Number of protein chains: 2
Amino acid sequence: MKMNKIIAASLVASSVLFANPLIEKAKTMGLQAIPQNQNELLKITDPNGMITPERVELGKKLYFEPRLSKSGIISCNTCHNLGQGGADGVPTAVGHMWVANPHHLNSPTVYNAVFFKSQFWDGRSPHLEDQAGGPMQAAPEMASPPALVVERVNSIPEYVEEFKKAYGKDVKVDFATITSTIGIFERTLVTPSRYDDFLNGKEDALTKEEQEGLQVFIDQGCTTCHNGIALGGSMMPFPMVKPYKFANVGDFKGDQNGMVKVSTLRNITETAPYFHNGQIWSLKEAVQEMGTTQLGKDISDADAEKIVTFLKALKGEKPEIVYPQLPESTLSTPKPDFN
Amino acid sequence: MKMNKIIAASLVASSVLFANPLIEKAKTMGLQAIPQNQNELLKITDPNGMITPERVELGKKLYFEPRLSKSGIISCNTCHNLGQGGADGVPTAVGHMWVANPHHLNSPTVYNAVFFKSQFWDGRSPHLEDQAGGPMQAAPEMASPPALVVERVNSIPEYVEEFKKAYGKDVKVDFATITSTIGIFERTLVTPSRYDDFLNGKEDALTKEEQEGLQVFIDQGCTTCHNGIALGGSMMPFPMVKPYKFANVGDFKGDQNGMVKVSTLRNITETAPYFHNGQIWSLKEAVQEMGTTQLGKDISDADAEKIVTFLKALKGEKPEIVYPQLPESTLSTPKPDFN
């Protein structure tokens, strides 16, 4: 019995010492695990030490708060639904007055967005705290002027009290503090998966088929863009080689240099439809379309299926979210406005 | 020390034996506590023994499931938000294509709706399992034909599996089973408060001011309609004595006999604006308006304020809701339809 334990222990050790060459290869290609160690993770997700339990709890309330929208019925969670992979499952985001995004842009996931180098499809926002203010103001999303958001929140004494608890009694509950608090909550939306266990040395965390898929993913060149912790999140030219099949839907052309944000592949099975204009529902078709537009090659059905098998293993464990009880409006709270 | 304990014990005993006359009065007037004993509670909330953990968990997912709507972005929780007192905080419900309820009806709370004698403002539905199918189909709400709801749910294998776990492997996942499962979840949305502790004999559960408010509430005749566990939930004529101040907004006149569902007063501070057409934001004004329309009397400012003090004590503890992770669509899932 004792000997068995020793053998078992040495097997575990050897799997770390003589790592699966695929793990080494993946790391060489820039793939990175979500750190298991919480302090290591926080160094990445919270480099400026903004996260505290009070701010995260308050940020969660604000994330689910429909009164941040002009109408009072649209919250961050409406389009970035934490029960639907952090997105909305529709091609084009629809917001205030049932108006679709004028550029036909698809809502990207908020899960693991903390690992992105920048936010929005054109990468125009440097971090989550800044990003959160965008959709709140955008006419076809939440349509709220900042002054309205500030007035609504400040009209609710429980919110003001919570801001004081989170930032000290002299806090100014302004638009920047409100959006920043939402960003702080979003920093906690990280979803570790079996893939991370694999990269961290647990060889059997991925099945043979999934490992084969990862190998094909690397061999085909997918890691050129889909790398880092998020397997995405940086800006790349799009399309790079051949035109995108659905380029005619919407007028989005990326930033001023034609660069488009690379989508994260984590939880990708939960965030269809794909691409900036949400025109492709099949993950296999999306893989093959990427082969065409970005790599200039036809990825075979067999290889695309293998890649999809790997991508499925990127589905991570979501943080448990207790649905927040929102404080009551007062008579001085600005009323809902549906126009 | 020992003597002190005996005295303390006898004081506790006496508070039960010689109950506060206000407790007796309240009960005589038809007010009832939410039973503390879980078996007693279940006799009321689940007389037919439909509740099981699997059905409640599945019902919760369906309650938060936007794909039950034609567009894919409106769920039960959109208008009956469990973080906002089970309602939406806007005068008139707005749904599919941003269309407001044609009768200007306000979304009633789902919390404690299990205690209502019937559902909807005109009481046309006998129970929650039946009610759940209404808004799902209504054009200005979720706008889903039953066939679409059934096709969407059946296209998602995880849902079908969960229905089998909840009802047995031969279950037919039809519209009635889907809406019924949502109703079963809603049966658990019960919010006990300090008021219930008071009715159950804990005299100091309500402050003196709240007890005084309850006394005025009874003396003014409010319990004529606001009685039972829900302090509401039955059908009564409206208006009974004088016209309602905002009768001109919308065309709702109650059922064929002019009867309107009495709103529950539990969590009433969370469910403004008030009345079937959501035209009054101030709880005090609502109390006084009820005095006029239903009791034919002017309730003084002082008395209305006392009643409001009591009503605030009806804010109950909400069940903890862990936000559900919804299963993924498949390629055969009918697509979102925004038209």
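None of these values were measured; they are calculated from a predicted model.

Peer 1: With reference to specific residues and values, describe the confidence of the model for chain A.
Peer 2: Parts of the model with low pLDDT should not have their predicted coordinates read in detail. Residues and elements named next belong to chain A. Chain-level statistics for chain A give a pLDDT mean of 95 and a share of 94% at 70 or above. Every residue in residues 9–15 is under pLDDT 50, and counting partners more than four places away or in other chains gives three contacts. Model confidence for the complex: the whole-complex pTM is 0.94, and ipTM, which rates the interface, is 0.94.

Peer 1: Could you give an account of the domain arrangement of chain A, naming the residues involved and the relevant values?
Peer 2: Interface size is commonly expressed as the accessible area that is lost once the parts come together. All names here are of chain A. The domains assigned to chain A are domain 1 (19–34 + 191–312) and domain 2 (40–186). Each of domain 1 and domain 2 has a C-alpha centre, and the two are 27 Å apart. Roughly 2100 Å² is buried in total at the junction of domain 1 and domain 2, and carbon and sulfur atoms are behind 64% of that figure. Considering only the surface of domain 1 that becomes buried against domain 2, Phe 252, Lys 261 and His 276 emerge as the three largest contributors, covering 23% of it. For the pair domain 1 and domain 2, the interface holds zero salt bridges. No other element matches strand E2 (residues 259–261), which puts three residues into the side of domain 1 that touches domain 2.

Peer 1: Give me the lowdown on the relation of the copies chain A and chain B, citing residues and values where you can.
Peer 2: For the match of chain A to chain B, the screw axis carries a shift of 0.0 Å, the RMSD comes to 0.0 Å, and the turn is 180°. Here the copies are linked by what is in effect a two-fold axis. Relative to the rotation axis, the closest C-alpha in chain A is found at Val322(A), a distance of 2.2 Å. Interface overlap between copies: 100% of the residues of chain A at the interface are likewise at the interface in chain B, consistent with a symmetric, same-surface contact.

Peer 1: Tell me about the nonpolar core, and please be specific about residues and values.
Peer 2: Membership of the largest hydrophobic core comes to 74 residues, with the highest contact counts inside it found for Leu82(A) and Leu82(B). Of all the secondary-structure elements, those providing two or more residues to this core are helix H4 (53–63), helix H8 (146–154), helix H9 (157–167) and helix H10 (175–186) of chain A together with helix H4 (53–63), helix H8 (146–154), helix H9 (157–167) and helix H10 (175–186) of chain B. The contact partners of Leu82(B), leaving out residues within four places of it in the chain, are Tyr323(A), Gln325(A), Tyr63(B), Phe64(B), Asn77(B), Val110(B), Tyr111(B), Phe185(B), Leu189(B) and Ile321(B).

Peer 1: Pulling in residues and values, what's your account of the interface of chain A and chain B?
Peer 2: The interface is formed by 41 residues belonging to chain A together with 41 residues belonging to chain B. Per-residue buried area on chain A facing chain B is highest for Trp98(A), Tyr323(A) and Glu328(A); these three make up 24% of the total on that side. Here chain A is connected to chain B by two salt bridges. One salt bridge connects Lys315(A) with Glu328(B), and the closest N-O pair in it is separated by 2.7 Å. Classifying every residue of the side of chain A that touches chain B gives 20 nonpolar, 12 polar and nine charged.

Peer 1: Tell me about the packing of aromatic side chains, residues and numbers included.
Peer 2: Scanning the model with the defined rule gives 25 aromatic pairs over all chains in all. Their ring planes at 75° and their centres at 5.8 Å tell us that Tyr63(A) and Phe64(A) sit as a pair that is edge-to-face. Classification of Phe64(A) as buried rests on a relative accessible area of 2%. Their ring planes at 15° and their centres at 6.3 Å tell us that Phe163(B) and Tyr167(B) sit as a pair that is stacked. Here the residue Phe163(B) and the residue Tyr167(B) both occupy positions in helix H9, the gap between them amounting to four residues, near one helical turn. We note Lys318(B) situated over the ring of Tyr111(B); from NZ or CZ to the ring centre the distance is 5.9 Å.

Peer 1: I'd like a rundown of unusual backbone geometry, residues and numbers included.
Peer 2: Following Phe238(B), the chain continues to Pro239(B) via a peptide bond in cis, the omega torsion being -10°. Across the junction of Ala272(B) and Pro273(B), the peptide omega takes the value -5°, indicating a cis bond. Residue position: Pro273(B) is located in the loop between strand E2 (259–261) and helix H13 (283–295). Unusually for a residue other than glycine, Trp98(A) sits at a positive phi of about 65°. Relative to the assigned elements, Trp98(A) resides in the loop between helix H5 (76–79) and helix H6 (128–131).

Peer 1: Just give me the short version of the environment of Met290(B), but keep the residues and values in it.
Peer 2: All names here are of chain B. Position of Met 290 relative to the elements: it lies in helix H13. For Met 290 and Phe 238, which are 52 residues apart along the polypeptide, the C-alpha to C-alpha distance reads 9.6 Å. Dropping the residues within four chain positions of it, Met 290 is found in contact with His 226, Phe 238, Phe 275 and Leu 295.

Peer 1: Which residues make up helix H14 (residues 301–312) of chain A, and what are the values?
Peer 2: All names here are of chain A. For H14, spanning 12 residues, the distance from its first C-alpha to its last is 16 Å, which sits close to the expected 16 Å at 1.5 Å a residue. Turning to H14, its buried residues are Ala 304, Ile 307, Val 308, Phe 310 and Leu 311. Each buried residue of H14 lies within a common arc of 160° when the element is viewed along its axis, so the set occupies one face. On its buried face, H14 is in contact with helix H11 (194–199), helix H12 (208–220) and helix H13 (283–295).

Peer 1: Kindly report on the side chain of Thr223(B), identifying the contributing residues and their values.
Peer 2: Structurally, the position occupied by Thr223(B) is in the loop between helix H12 (208–219) and strand E1 (235–237). Not counting the four nearest positions on each side in its chain, Thr223(B) is found in contact with Met29(B), Leu31(B), Phe217(B) and Ile218(B).

Peer 1: Describe the environment of Asn227(B), with residues and values.
Peer 2: Counting through the fold element by element, Asn227(B) comes out in the loop between H12 and E1. Sequence-distant contacts of Asn227(B), defined by excluding residues within four places in its chain, comprise Met29(B), Gly30(B), Leu31(B) and Gly232(B).

Peer 1: Go over the side chain of Gln84(A) with me, naming the residues and quoting the values.
Peer 2: With respect to the helices and strands, Gln84(A) occurs in the loop between H5 and H6. Under the relative-accessibility criterion, Gln84(A) is labelled buried at 9%. Gln84(A) has contacts with Glu270(A), Glu65(B), Pro66(B), Arg67(B) and Leu326(B), leaving out every residue within four places of it along the chain.

Peer 1: Talk me through the packing of H13(B) against helix H14 (residues 301–312) of chain B; I want residue IDs and the actual numbers.
Peer 2: Residue and element names in this part refer to chain B. Where H13 contacts H14, the axes come no closer than 9 Å and their chain directions differ by 115°. Note that H13 runs across H14; the crossing there is right-handed. Here Leu 283, Lys 284, Val 287 and Gln 288 of H13 lie close against H14, whose contacting residues are Asp 301, Ala 304, Glu 305, Ile 307, Val 308 and Leu 311.

Analysis parameters
Residues numbered from 1 in each chain as written. Chains lettered and ligands numbered in written order. Predicted model: local features only at pLDDT ≥ 70, side-chain atom pairs only at ≥ 80, totals over all residues. Heavy atoms only, no water. pLDDT = per-residue confidence, 0-100. Contact = heavy atoms within 4.5 Å. Domains from an automatic or database assignment. Buried area = accessible area lost by both parts, 1.4 Å probe. Salt bridge = Lys/Arg side-chain N within 4 Å of Asp/Glu carboxyl O. Helix = DSSP H or I, 4+ residues; strand = E, 2+ residues; numbered from the N terminus. Least-squares fit on C-alpha atoms with pLDDT ≥ 70 in both. Core = buried A, V, L, I, M, F, W, Y, C linked by side-chain atoms within 4.5 Å. Buried < 20%, exposed > 50% of the residue type's maximum accessible area, 1.4 Å probe, protein only. Nonpolar A, V, L, I, M, F, W, Y, C, P; charged D, E, K, R; others polar. Phe/Tyr/Trp six-rings, centres within 6.5 Å; stacked < 30°, edge-to-face > 60°. Lys NZ or Arg CZ within 6 Å of the ring centre and 35° of its normal. Expected span 1.5 Å × (residues − 1). Arc of directions from axis to C-beta. Axes fitted to C-alpha atoms, helices over the stretch in contact; angles between N-to-C directions. Left-handed = near helix turned anticlockwise from the far one by under 90°.

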